[in-house]
Amino acid sequence: PWQQFWHITFPLIAETTKTCVIFFLINAFTGVYSLVKTMTEGGPAHGSEVVTSYMYEAAFVRSKFGVGTAMGVAMVVLVAILSAIFLILTKNKDQD
């Protein structure tokens, strides 16, 4: 059963697994905002503040739209780089 999974099943689901990992990576950067905002709103003395909540506060509460935009662009670039590294490291050598 293990060899069947490793040589037949896993190669068939590898591309779907890669897509799921990239979605989880994106969610790790952006999905935490709603949890922190709902539960603590940054916590006492900004103790539980995450990048996305700080980005929201900078842009919409303090009206520093340039700072919020720069943080958003930096986050998109970081996720793109990490996703590209992941895809390069997991590239299937049998496919063109």
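The following paragraphs examine the structure supplied in this document.

The rules behind the values
Residues numbered from 1 in each chain as written. Predicted model: local features only at pLDDT ≥ 70, side-chain atom pairs only at ≥ 80, totals over all residues. Heavy atoms only, no water. Helix = DSSP H or I, 4+ residues; strand = E, 2+ residues; numbered from the N terminus. Rg over C-alpha atoms; globule rule 2.2 N^0.38 Å. 1 Å grid on protein atoms, 1.4 Å probe; cavity = no way out; pocket = protein on both sides within 12 Å on 5 of 7 lines; lining within 4 Å. Points joined across faces, edges and corners; volume = space filled by probe spheres on them. Nonpolar A, V, L, I, M, F, W, Y, C, P; charged D, E, K, R; others polar. Axes fitted to C-alpha atoms, helices over the stretch in contact; angles between N-to-C directions. Parallel < 35°, antiparallel > 145°, perpendicular 65-115°, else oblique. Left-handed = near helix turned anticlockwise from the far one by under 90°. Contact = heavy atoms within 4.5 Å. Buried < 20%, exposed > 50% of the residue type's maximum accessible area, 1.4 Å probe, protein only. Salt bridge = Lys/Arg side-chain N within 4 Å of Asp/Glu carboxyl O.

Our focus in this paragraph is the overall build of the protein. The helix and strand inventory of the protein stands at four helices and zero strands. Helices and strands in the protein line up, N terminus first, as α-α-α-α. Relative to the compact-globule value of 12 Å for 96 residues, the protein shows a C-alpha radius of gyration of 19 Å, a clear excess of over 25%. Taken along the three principal axes of its C-alpha coordinates, the protein extends 55 × 30 × 15 Å.

If you add up the space inside the largest pocket, you get close to 190 Å³. As for the largest pocket, its lining consists of 12 residues, of which Pro11, Ala14, Glu15, Lys18 and Asn92 are closest to the centre. When residues in the lining of the largest pocket are grouped by element, the largest group, seven residues, is from helix H1 (residues 2-30). A per-class count over the lining of the largest pocket returns five nonpolar, four polar and three charged.

With that out of the way, let us pick up the packing of helix H3 (residues 51-61) against helix H4 (residues 65-89). Between H3 and H4, the shortest axis-to-axis distance is 6 Å and the interhelical angle comes to 150°. Judged by the angle between their axes, H3 and H4 are roughly antiparallel. The element H3 and its partner H4 pack so that their crossing is left-handed. Of the residues in H4, those touching H3 at Val51, Thr52, Tyr54, Met55, Ala58, Ala59 and Phe60 are Phe65, Val67, Gly68, Met71, Gly72 and Met75.

So, about H3. Listed in full, the buried residues belonging to H3 are Thr52, Ser53, Met55, Ala58 and Ala59. In this structure, the buried residues of H3 make contact with H1, helix H2 (32-39) and H4.

The next point concerns the pattern of salt bridges. Taken as a whole and judged by the stated rule, the model has two salt bridges. Between glutamate 15 and lysine 18 there is a salt bridge; the shortest N-O distance is 3.4 Å. Linking glutamate 15 with lysine 18, this pair stays in helix H1, spanning three residues, or about one helical turn. Judged by its relative accessible area of 11%, lysine 18 falls in the buried class. With its nearest N and O atoms 3.8 Å apart, the salt bridge here joins arginine 62 to glutamate 57. Overall, arginine 62 belongs to the partly exposed group, its relative accessible area being 34%.

Okay, unusual backbone geometry next. Despite not being glycine, serine 63 shows a phi value in the positive range, around 55°. Among the structural elements, serine 63 can be located in the loop between H3 and H4. Among the residues examined, serine 63 registers a relative accessible area of 48% and is labelled partly exposed.

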